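# Survey of secondary and tertiary structure
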Amino acid sequence: MKMDWSSTRWKWVAVCAVLMTHTIAALVEDGLLINGDFETPPAGGFSGFGVADGPTAIPSWKLNGTIELVSSGEKQGGMILIVPEGEHAVRLGNDAEISQELKLEKGSIYSITFSAARTCGQLESLNVSVPPASQTIDLQTVYSVQGWDTYAWAVEVEEDNVRVAFRNPGMEDDPTCGPIIDDIAIKKLFVPEKVKDNAVLNGDFEEGPWMFRNASLGVLLPTNLDEETSSLPGWIVESNRAVRYIDSNHFTVPEGKRAIELLSGKEGIISQMVETKPNKPYRLSFSLGHAGDKCKQPLAVMALAADQAENIHYTPSSNATFQTADVNFTAKADRTRIAFYSIYYNTRSDDLTSLCGPVVDDVRVAVSVSSRIKLGSLVMMLALAVAFF
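So, a few notes on the structure that sits alongside this text. (Residues numbered from 1 in each chain as written. Predicted model: local features only at pLDDT ≥ 70, side-chain atom pairs only at ≥ 80, totals over all residues. Heavy atoms only, no water.)

What the five strands build is an open sheet, ordered 2-7-12-9-10; its pairing is antiparallel. In the strand order of this sheet, the two ends are held by strand 2 (62-64) and strand 10 (133-138), each with one partner. Across the sheet, the axes of successive neighbouring strands diverge by a mean angle of 20°, strand direction being ignored. Pairing geometry for strand 9 (residues 125-130) and strand 10, over six bridges, is antiparallel. When the bridges of strand 10 are listed, N127 appears paired with T136. (Pairing = 2+ DSSP bridges. Helix = DSSP H or I, 4+ residues; strand = E, 2+ residues; numbered from the N terminus. Axes fitted to C-alpha atoms, helices over the stretch in contact; angles between N-to-C directions.)

A separate point is the state of the cysteines. Within the structure shown, the criterion is met by two disulfides. Through a disulfide, C120 is tied to C177; the S-S separation comes to 1.9 Å. Here C120 and C177 share a disulfide; its torsion about the S-S bond, -75°, makes the bridge left-handed. One end of the pair, C120, is in the loop between strand 8 (109-117) and strand 9; the other, C177, is in the loop between strand 12 (161-167) and strand 13 (180-189), with 57 residues separating them in the sequence. The partner cysteine of C295 in its disulfide is C356, sulfur to sulfur 2.1 Å. Judged by the sign of its S-S torsion, about 85°, the cystine formed by C295 and C356 is right-handed. With C295 in the loop between strand 19 (281-289) and strand 20 (300-305) and C356 in strand 25 (residues 355-356), the pair connects residues that are 61 residues apart, well separated along the chain. The same class applies to C295 as to C356, namely buried. (Disulfide = S-S within 2.5 Å. Buried < 20%, exposed > 50% of the residue type's maximum accessible area, 1.4 Å probe, protein only.)

Another aspect to go through is the layout of surface pockets. Rolled over the atoms, a probe as big as a water molecule pinpoints where empty space is left. By volume, the largest pocket amounts to about 290 Å³. Taken together, 20 residues make up the lining of the largest pocket; nearest its centre are V191, L201, E227, E228 and G234. At four residues, the largest contribution of residues to the lining of the largest pocket is made by strand 18 (residues 270-275). A class-by-class count of the residues in the lining of the largest pocket yields nine nonpolar, six polar and five charged. Of the volumes computed, that of the second largest pocket is approximately 210 Å³. Surrounding the second largest pocket, 16 residues form its lining, S216, L217, F251, D293 and R348 being those nearest its centre. Residues that form the lining of the second largest pocket fall into these classes: five nonpolar, six polar and five charged. (1 Å grid on protein atoms, 1.4 Å probe; cavity = no way out; pocket = protein on both sides within 12 Å on 5 of 7 lines; lining within 4 Å. Points joined across faces, edges and corners; volume = space filled by probe spheres on them. Nonpolar A, V, L, I, M, F, W, Y, C, P; charged D, E, K, R; others polar.)

Tallied over the entire structure, the rule returns three cavities of 30 Å³ or more. Counted as a void, the largest cavity has a volume near 100 Å³. Around the largest cavity, the lining comprises 15 residues; the ones closest to its centre are L221, P222, N224, S230 and S231. When contributions to the lining of the largest cavity are tallied by element, the ones reaching two or more residues are strand 11 (149-156) and strand 15 (236-237). Looking at side-chain class alone, the lining of the largest cavity contains ten nonpolar, five polar and no charged residues. Quantified by volume, the second largest cavity comes out at close to 60 Å³. Residue lining of the second largest cavity: E85, S115, W148, T150, D183, F212, N214, A215, S216, L217 and G218, and that is the complete set. Class assignment for the residues of the lining of the second largest cavity results in four nonpolar, five polar and two charged.

It is worth spelling out the pattern of salt bridges at this point. Close approach of charged atoms allows side chains of opposite charge to pair. In this structure the tally under the stated criterion is 13 salt bridges. Its salt-bridge partner being K332, residue D307 comes within 3.8 Å of it at the nearest N-O pair. Within this pair, whereas D307 is found in the loop between strand 20 and strand 21 (308-313), its partner K332 is found in the loop between strand 22 (322-330) and strand 23 (335-342), the two being separated by 25 residues in sequence. A relative accessible area of 51% means that D307 is categorised as exposed. Given the relative accessible area of 54%, K332 is considered exposed. Ionic pairing is found between R364 and D362, a salt bridge with its closest N-O pair at 3.3 Å. Among the charged side chains, a salt-bridge network with shared partners connects R348, D350 and D351. (Salt bridge = Lys/Arg side-chain N within 4 Å of Asp/Glu carboxyl O.)

So this is what it looks like as structure tokens:
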């Protein structure tokens, strides 16, 4: 009986191990979704393929409405359709939707990165969702001269099996008109641990959305007022324009591999609520620089902390690409808002169109050094007084 029980037990262990392995393997990994670049040929190949015929005409995707698989260089009237990356992308017609089923980890936060371009109408927008959560992203502003931009949107998933969907909510006179999307990727986000003597979470901006190695335009972070589901953990984008998440592979970054480039003046604000102690003096410090993207100067930021606001211009010494700056403030409550935005509306000097701006990195909030010195002196004086008496 003992041998039989042992044999049965090990069989169950083996079965559980297989099931666990299968479950882990089924989870979506960070990176491009299956056929997320739309380069997998449909049945019959790309040649002559136009408006999709049937809900499964594009491999790995479910279609609803008028959806067109477009090719690089393809023309519509006198307009060349923009394909962000590679040779192919999809265009969503009026109220059309494209979706894919994913297996994710319930309760985790994921960021979805995608490239988008508008076609016929200036007021085009794109709704991205993992039901019941969704956000409509305005494509009216084109941030680069290339005619397309890369965006990121974050969501906390409520189930293991979810559906990520992209829908064109617009209604154009031409039912085939609508935004073009390409290069859809996903990344599971983690909340970084707080660094000692720094109240700012993710102050180095190293944790953020998926970035492709060839993402020379960076990733735009549109308005997101929910710090719990931000593509940039710890931070929110308060205003109606995006900020740009950049990497050291394509831009000049003060510290580490990632940083934030502020765009569109007051219309591009990042902020965070940090833990403080009321009536205690603090110092907000950060690195301020340029992205190395030929952004026209002057470059300057408005840095805000509690009731303090300081206009700081980028004036590096020698050949430095960044400088350090700080703002002293006294906390009024147990949580203090810090925020940054660009003073100017900057564009690149080579095309006079692409939006750019100052770079912020390595953000820190700590108890003011002067207050620590005073506290240390007071402690020493008390110790001497006790020893004397």
